[in-house]
Amino acid sequence: MTSADLIALDERWSTHNYHPLPVVIREAAGAWVTDVEDRHYLDLLAGYSALNFGHRHPALLAAAVEQLGRVTLTSRAFHHDQLGAFCAELAALTGTEMVLPMNTGAEAVESAVKVARKWAYDVKGVADSSATIVVAGGNFHGRTTTIVSFSDDPDAYGGYGPYTPGFVRVAYGDAEALADAVDERTAAILLEPIQGEAGVIVPPEGYMSAARRIADDAGCLLIADEIQSGLARTGTVLALDHEQVRADLYTLGKALGGGIVPISAVVGRADVLGVLQPGQHGSTFGGNPLACAVGRAVVALLETGEPQERSTTLGKHLHARLSALVGHGVTEVRGRGLWAGVDIAPGGLSGREAAVALMQRGVLCKETHGSTLRVAPTLVITEEELDTAVDAIAEVVGA
Ligand SMILES: *Cc1c(COP(=O)(O)O)cnc(C)c1O
């Protein structure tokens, strides 16, 4: 079938909750994908950072294949030989004490919300059913009914009420607003260290340290959603490491499954995650042997420090090159490591039009919020490939 036929088939039978670029991928390796007409593209989206280590990384594939030959699913009704090691290794990598494995990012956030509320009632002594969680404007934490209840993006929340109560939203990056929003009912402050979906928004220097101090003063938890920012995307295991700030809980996902399996986790303090007792939370697939085996291989890759090093070094190069486009069809570039939001100047192409034009030049990326291009290549991309991609961006934005 041609790509036109395959796109028509998708559009006829799958729900229209996405608006994909008109490219049909058949296979992929490393930083590259190939479409059904044998055209090659550099992947600058990397599965929204689920593919930090590239497509089909040999060490991750080998771990998956080996585990496929043994056992893939047990449920948590029984122990298996990968779970404890995965949790211990992930805790060591992230400097945390305990791990709650789940599957998707949204589930990790939902789990952190549940744990924070339970901690507020069991430990902090908040009156039953009155705990609040403070969140930020422009947040993206997933698509479940509770999570969209505290989104301020009409596309995300519109039409899905009634909404889950118990969330207080304040402007992102405004430490004073955060301080004003916390009180004795506050269970947690939930923040992305860098807001990815909002357009790779980096908060003012010191914001996350201020959030830490505010949480300490209010006796509430700080939860960092590192599902997109974590696992080497910004050059460190956790984006919070740049400010030497520790959260009480972190949500991880996306790259944790190496682009092979969905696996997410809440990691953090044992006295907080320890509020969960048998029967009080769970997931049929959470912490399954296949996901744990791949997750262990991902942790082993990060332990070498190589993905972080590549993100740091290539990220400097990327930002130097993109910054040179400011004033030439670009108004602003934000980000850290191999992660950038590029605002196209008003009067230029829309983000969507730019993404289509890039696709025609063999570069795949995706717009976010109208006129921002999100650049998040795999961390296995070479400097030369990165230059090719930036040249294409420069051409498309009209530099
Ligand atoms: C992608 C993302 C999520 C949701 O992850 P899913 O696996 O799509 O449910 C949550 N938080 C952040 C910061 C994300 O980028």
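Scroll up for the structure.
Residues numbered from 1 in each chain as written. Predicted model: local features only at pLDDT ≥ 70, side-chain atom pairs only at ≥ 80, totals over all residues. Heavy atoms only, no water.

Participant: Explain the overall build of the chain here, please?
Facilitator: In terms of regular secondary structure, the chain is built from 14 helices and 15 strands. Compactness check: the chain gives a C-alpha radius of gyration of 21 Å against a globular reference of 21 Å for 399 residues, within 12% of the reference. Considering only C-alpha atoms, the chain reaches an extent of 60 × 50 × 45 Å along its principal axes. Look at the contacts in the chain between residues 6 or more apart in sequence, and 71% of them connect residues 24 or more apart. (Helix = DSSP H or I, 4+ residues; strand = E, 2+ residues; numbered from the N terminus. Rg over C-alpha atoms; globule rule 2.2 N^0.38 Å. Contact = heavy atoms within 4.5 Å.)

Participant: Would you take a moment to explain the sheet that holds strand β5 (residues 132–136) for this structure?
Facilitator: By way of backbone hydrogen bonds, the strands of a sheet pair with one another, either parallel or antiparallel. Within the open sheet, the seven strands sit side by side as β4-β10-β9-β8-β7-β5-β6. Their pairing is mixed. Looking at the sheet topology across the chains shown, the edges are occupied by β4 (98–102) and β6 (167–170). Across the sheet, the axes of successive neighbouring strands diverge by a mean angle of 20 degrees, strand direction being ignored. Inspection of the sheet shows β4 paired to strand β10 (residues 264–268) by five bridges, in the antiparallel sense. Paired with Pro101 across the bridge in β10 is Ala265. Where helix α9 (residues 207–218) meets the sheet, it contacts β7 (186–191) and β8 (221–225), and its direction lies at approximately 175 degrees from that of β7. (Pairing = 2+ DSSP bridges. Axes fitted to C-alpha atoms, helices over the stretch in contact; angles between N-to-C directions.)

Participant: Sorry, what's going on with the pairing of strand β15 (residues 372–375) here?
Facilitator: In the case of a regular strand, side chains alternate between the two sheet surfaces. In β15, alternate side chains face the same way, and those of Thr372 and Arg374 on one face and Leu373 and Val375 on the other are all buried. By the bridge criterion, four bridges tie strand β12 (residues 340–344) to β15 in an arrangement that is antiparallel. The residue bridging Gly341 from the neighbouring strand is Arg374, located in β15. Bridging between strand β14 (residues 366–368) and β15 involves three bridges; their strand directions are antiparallel. From the neighbouring strand, Thr368 faces β15, where its bridge partner is Thr372. Hairpin connection from β14 to β15: three residues lie between these consecutive antiparallel strands, with His369 at a positive phi of about 50 degrees. (Buried < 20%, exposed > 50% of the residue type's maximum accessible area, 1.4 Å probe, protein only.)

Participant: Looking at this structure, I do not really get the sheet that holds strand β2 (residues 32–35). What am I missing?
Facilitator: The four strands are arranged β1-β2-β3-β13 in an open sheet whose pairing can be described as mixed. Each edge of the open sheet is held by one strand with a lone partner, namely β1 (25–29) and β13 (363–364). Sheet topology places β2 next to strand β3 (residues 40–43); three bridges connect them, and they run antiparallel. Counterpart to Val33 in the pairing with β3 is Tyr41.

Participant: What is the right way to look at a nonpolar patch on the surface in this model?
Facilitator: Where nonpolar side chains cluster on the molecular surface, the patch consists of Met1, Leu9 and Trp13 and spans about 410 Å² of accessible area. Looking at Trp13, the relative accessible area reads 63%, which means it is exposed. (Patch = residues over 30% accessible without salt bridge, like charges linked within 9 Å, V, L, I, M, F, W, Y side chains within 5 Å. Areas by Shrake-Rupley, 256 points an atom, 1.4 Å probe, with all protein chains shown as cover. Salt bridge = Lys/Arg side-chain N within 4 Å of Asp/Glu carboxyl O.)

Participant: Can you walk me through helix α4 (residues 83–94) in this structure?
Facilitator: The periodicity of an α-helix, 3.6 residues per turn, causes residues three or four places apart in sequence to face the same way. Along its twelve residues, α4 runs 16 Å from first to last C-alpha, staying within 8% of the 16 Å computed at 1.5 Å per residue. Within α4, burial applies to Leu83, Phe86, Cys87, Leu90, Ala91, Leu93 and Thr94. Down the axis of α4, the buried side of the element spans an arc of 160 degrees, and every buried residue falls inside it. Turned more than 90 degrees off the buried face of α4, the exposed positions are Gly84 and Ala92. Contacts from the buried residues of α4 go to β4, β9 (249–252), β10 and α11 (289–303). (Expected span 1.5 Å × (residues − 1). Arc of directions from axis to C-beta.)

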